[in-house]
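Working through the structure, step by step
Residues per chain, in single letters:
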Amino acid sequence: ASGHAVKAIDLAVEPWDPTLVDWADAVAISTPMHTAMRLAIVACRRIKDRRPDLPVAAYGLYAGMMNEEESNLFDRAIVGEYENTLVQWVAGQHSAEPVTVHLDRGGFRTPNRSILPSLDHYAHLSVNGEERLVGAVEASHGCVHLCRHCPIPVVYNGTLRIVDAETVLADIDQQVALGARHITFGDPDFLNGPVHSLRIIRAMH
């Protein structure tokens, strides 16, 4: 939407493709969970071995949760609500801070699923012997709780960011069009905002 050509690879289900490193002007690696962060470190090392000067950013909940040696591999880490800051980084508007935490409200865009692998590459739902393709969305980010075993309070500090219903429903629609017959909500706690969550569920049904 901002005029950049984008290609994607999902290292959870696709093999490493070094030709994408040769093609890119910059690389951004999603780190929403611990496993993704560990994959990102391996990927970043491979990228830097191939093209040492290529800018690489990590973005997502775990982007700021690496040790000093690991974080020094990346040119930028964007934690929390990353969308606007990531677009600015790609456009060359670099911050002086290597790690930034953003908790901006609103402004969510409908994800472009067409550049990802098809849904049959991902987990299926088994119901009465039938396997159904599954889509995944998030209706909110962050969490109102401060559980000490969880990494989310470190970033969100008990705050919640609502993804507007129109964006969530548009994402559901496009995944149904791609074959999804079940939708999983990946919110940290789907009932943090019960009025919002129920509104989306009712509209979806």
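Residues numbered from 1 in each chain as written. Predicted model: local features only at pLDDT ≥ 70, side-chain atom pairs only at ≥ 80, totals over all residues. Heavy atoms only, no water.

This next bit is on the overall build of the protein chain. When helices and strands are counted, the protein chain shows seven helices and nine strands. Against the 2.2 N^0.38 benchmark of 17 Å for 205 residues, the protein chain shows a C-alpha radius of gyration of 18 Å, consistent with a compact globule. For the protein chain, the spread of C-alpha atoms along the three principal axes comes to 50 × 35 × 35 Å. For the protein chain, buried positions account for 33% of its 205 residues. Within the protein chain, contacts between residues separated by at least 24 positions form 62% of all contacts whose residues are at least 6 apart in sequence. When the accessible surface of the protein chain is totalled, it reaches about 12000 Å², and 53% of it is carbon and sulfur. Side-chain charges of the protein chain comprise 17 positive and 25 negative groups, with the mean position of each set lying 2 Å from the other. (Helix = DSSP H or I, 4+ residues; strand = E, 2+ residues; numbered from the N terminus. Rg over C-alpha atoms; globule rule 2.2 N^0.38 Å. Buried < 20%, exposed > 50% of the residue type's maximum accessible area, 1.4 Å probe, protein only. Contact = heavy atoms within 4.5 Å. Areas by Shrake-Rupley, 256 points an atom, 1.4 Å probe, with all protein chains shown as cover. Lys, Arg positive; Asp, Glu negative; His and termini not counted. Charge placed at Lys NZ, Arg CZ, Asp CG, Glu CD.)

With that settled, consider the nonpolar core. Residues V27, I29, I47, V56, L61, M66 and F74 are the most contacted members of the largest nonpolar core, which totals 24 residues. Counting residues per element, the ones that place at least two in this core are β1 (27–30), α2 (34–50), β2 (56–59), β3 (76–80) and α5 (152–156). In terms of residue count, the dominant contributor to this core is α2 (six residues). Formed by twelve residues, the second largest nonpolar core is a distinct cluster that contains F108, V137, A180 and I183. (Core = buried A, V, L, I, M, F, W, Y, C linked by side-chain atoms within 4.5 Å.)

This part covers unusual backbone geometry. Notably, N128 is not glycine yet its phi reads approximately 50°, a positive angle. One can find N128 in the loop between β5 (124–127) and β6 (130–137). For N128, a relative accessible area of 82% gives the class exposed.

Looking now at the sheet that holds strand β9 (residues 182–185). Through backbone hydrogen bonds, the strands of a sheet pair up, either in parallel or in antiparallel fashion. On the basis of which strands lie adjacent, the open sheet formed by three strands has the order β5-β6-β9 and mixed pairing. Edge positions in the open sheet fall to β5 and β9, since each of these has one partner strand only. With direction set aside, neighbouring strand axes in the sheet form an average angle of 40°. Sheet topology places β6 next to β9; four bridges connect them, and they run parallel. Note that in β9 the partner of A136 across the bridge is T184. Along the sheet, helix α6 (residues 165–177) contacts β6 and β9; its crossing angle with β6, the most-contacted strand, is approximately 150°. (Pairing = 2+ DSSP bridges. Axes fitted to C-alpha atoms, helices over the stretch in contact; angles between N-to-C directions.)

This part takes up the pattern of salt bridges. Per the stated rule, a full pass over the model turns up seven salt bridges. Between R109 and E83 there is a salt bridge, with its nearest N and O atoms 3.7 Å apart. Of this pair, R109 sits in the loop between β4 (99–102) and β5 while E83 sits in helix α4 (residues 83–90), and the two are 26 residues apart along the sequence. Via salt bridges that share partners, E130, R132 and R181 belong to a single interconnected network. (Salt bridge = Lys/Arg side-chain N within 4 Å of Asp/Glu carboxyl O.)

So, on to the sheet that holds β2. Across the sheet, which stays open at both edges, the four strands sit in the order β1-β2-β3-β4 with parallel pairing between neighbours. Two strands lie at the open edges of the sheet, namely β1 and β4, each paired on one side alone. Averaged over neighbouring strand pairs, the angle between their axes works out to 20° when direction is ignored. Looking at chain direction, β2 and β3 are connected through three bridges and run parallel. Looking at the pairing, A58 lines up with A77 of β3. α2 rests against β1 and β2 of the sheet, and its axis sits at about 160° to β1. On the sheet, α4 packs against β1, β2, β3 and β4 and is oriented at approximately 165° with respect to β3.

In short, geometric facts, not functional conclusions.
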